[in-house]
Amino acid sequence: MIKSLPLLDKKVLVPRGKDQAKSFSDLVERYGGTPVEIPLIAFRPIEKNQRLQDCLKALDTYDWIIFTSNVTVETFFSFFDGGAARLPRIAVIGKKTDEVLHCRGLHADFVPSAYVAESFVEEFLPLIDRGTRVLLPKGNLAREYIASALTEAGAVVDEVVIYETYMPEESRVKLFQMLADHQLDILTFTSPSTVDHLMDVVRENGLVQQLRHCVIGCIGPITEKKLHDYGLAVHASPEEYTVKEMMKSLIAFLEKTSG
């Protein structure tokens, strides 16, 4: 049981849409904070995707399929309904990705010990032989690192973009209003794209100074680097790349600075 409410009177940016925000917001409230849900990132499937259709028809020729996020899993299965029998072995990155897979009655044959592309590649490469065929569905802004590393190791990797990332217009309006009025105390970021999208609004409206008063937390070294590239301080970036650990790190920072 939580003995104190370390986020009391703090308004915390939850950068996720309604469907994904609940557990995040519940955690903020549990610690006494006020979650402010502003999806900095949204996803839409790429319709009339002939490249994907060709890959689905040849699905039984692949040795592995790699899912790098829960969005990738959900989007892929919105196009594919052929059942588990036709699926190759499955590799995933991230707890949430694995959980979403389990909800579909499927299990991952490979999960790395740390949820970043570099750890994934290092641990997955021993499973790759020359000529191993890999299907890698992804978003339009995904990094090339996994495909490049596996290809260099001799695998045949088919990357296929199945969704695109964007920022909802209503989020831009709400974010501008909240930042301009100094209504956000803590900013959290779950991917480099969430940083880019927030900074688009900040720069368009001259709100850089407003960020100086915010405590900033993020998940993962790539997101942290993106924040540093914009010249922003990062106050919490946990070794385990989960929302729960990010919140714990933020609370530890706040307790340290107020103590």
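As a reminder, the structure under discussion sits directly above these lines.
Being a predicted model, the structure only gives us computed values, none of them experimental.

What follows is about the pattern of salt bridges. Scanning the model with the defined rule gives twelve salt bridges in all. Across the pair Glu240 and Lys95 runs a salt bridge, and its minimum N-O distance is 2.9 Å. Here the residue Glu240 occupies a position in the loop between helix 10 (221-229) and helix 11 (243-258), and Lys95 occupies one in helix 4 (residues 95-103), the gap between them amounting to 145 residues. On the accessibility criterion, Glu240 (34% relative accessible area) is partly exposed. For Glu204, the salt bridge goes to Arg172, with nearest N and O atoms at 2.8 Å.

Moving on to the packing of helix 5 (residues 117-124) against helix 6 (residues 145-152). Between helix 5 and helix 6, whose axes approach to 10 Å, the crossing angle comes to 20°. Compared by their axis directions, helix 5 and helix 6 come out roughly parallel. Helix 6 is crossed by helix 5, and the crossing has right-handed handedness. Judged by residue contacts, Ala117, Glu118, Phe120, Val121 and Phe124 of helix 5 engage Tyr145, Ile146, Ala149 and Leu150 from helix 6. Tallied by class, the residues present in the contact of helix 5 with helix 6 amount to eight nonpolar, no polar and one charged.

Our focus in this paragraph is the side chain of Asp98. Looking at the element boundaries, Asp98 is found in helix 4. Lys95 provides the closest opposite charge to the buried, salt-bridge-free Asp98, at an N-O distance of 9.8 Å. Among residues more than four places away in sequence, those in contact with Asp98 are Val92, Ala108 and Val111.

Rules used in this analysis
Think of each chain on its own: its residues are numbered from 1, step by step along the sequence as written. Residue-level local features of this predicted model are given only where pLDDT is at least 70; pairs of side-chain atoms are given and counted only at 80 or more, and the full residue set underlies all totals for whole chains, interfaces and linings. As a rule here, side-chain values cover all heavy atoms of the structure and leave hydrogens and water aside. Any Lys or Arg side-chain nitrogen found within 4 Å of a carboxyl oxygen on Asp or Glu counts as a salt bridge. Elements are defined by DSSP. Helices are runs of H or I of four residues or more, strands are runs of E of two residues or more, and each kind is numbered from the N terminus. Partly exposed residues are those whose accessible area sits between 20% and 50% of the maximum for their type, while under 20% is buried and over 50% is exposed, using a 1.4 Å probe and protein chains only. Helix axes are fitted to C-alpha atoms over the stretch in contact, other axes to C-alpha atoms as well, and angles between N-to-C directions run from 0 to 180 degrees. Geometric relationships in this document are graded by angle, where less than 35 degrees denotes roughly parallel, more than 145 denotes roughly antiparallel, 65 to 115 denotes roughly perpendicular, and other angles denote oblique. The sense of a crossing depends on the near helix, which, turned anticlockwise from the far helix by less than a right angle, makes the crossing left-handed and, turned clockwise, makes it right-handed. The criterion used for residue contact is that any of the two residues' heavy atoms lie within 4.5 Å. The residue classification treats Ala, Val, Leu, Ile, Met, Phe, Trp, Tyr, Cys and Pro as nonpolar and Asp, Glu, Lys and Arg as charged. All others, Gly included, are polar. Neither His nor the chain termini are counted; the positive set is Lys and Arg, and the negative set is Asp and Glu.

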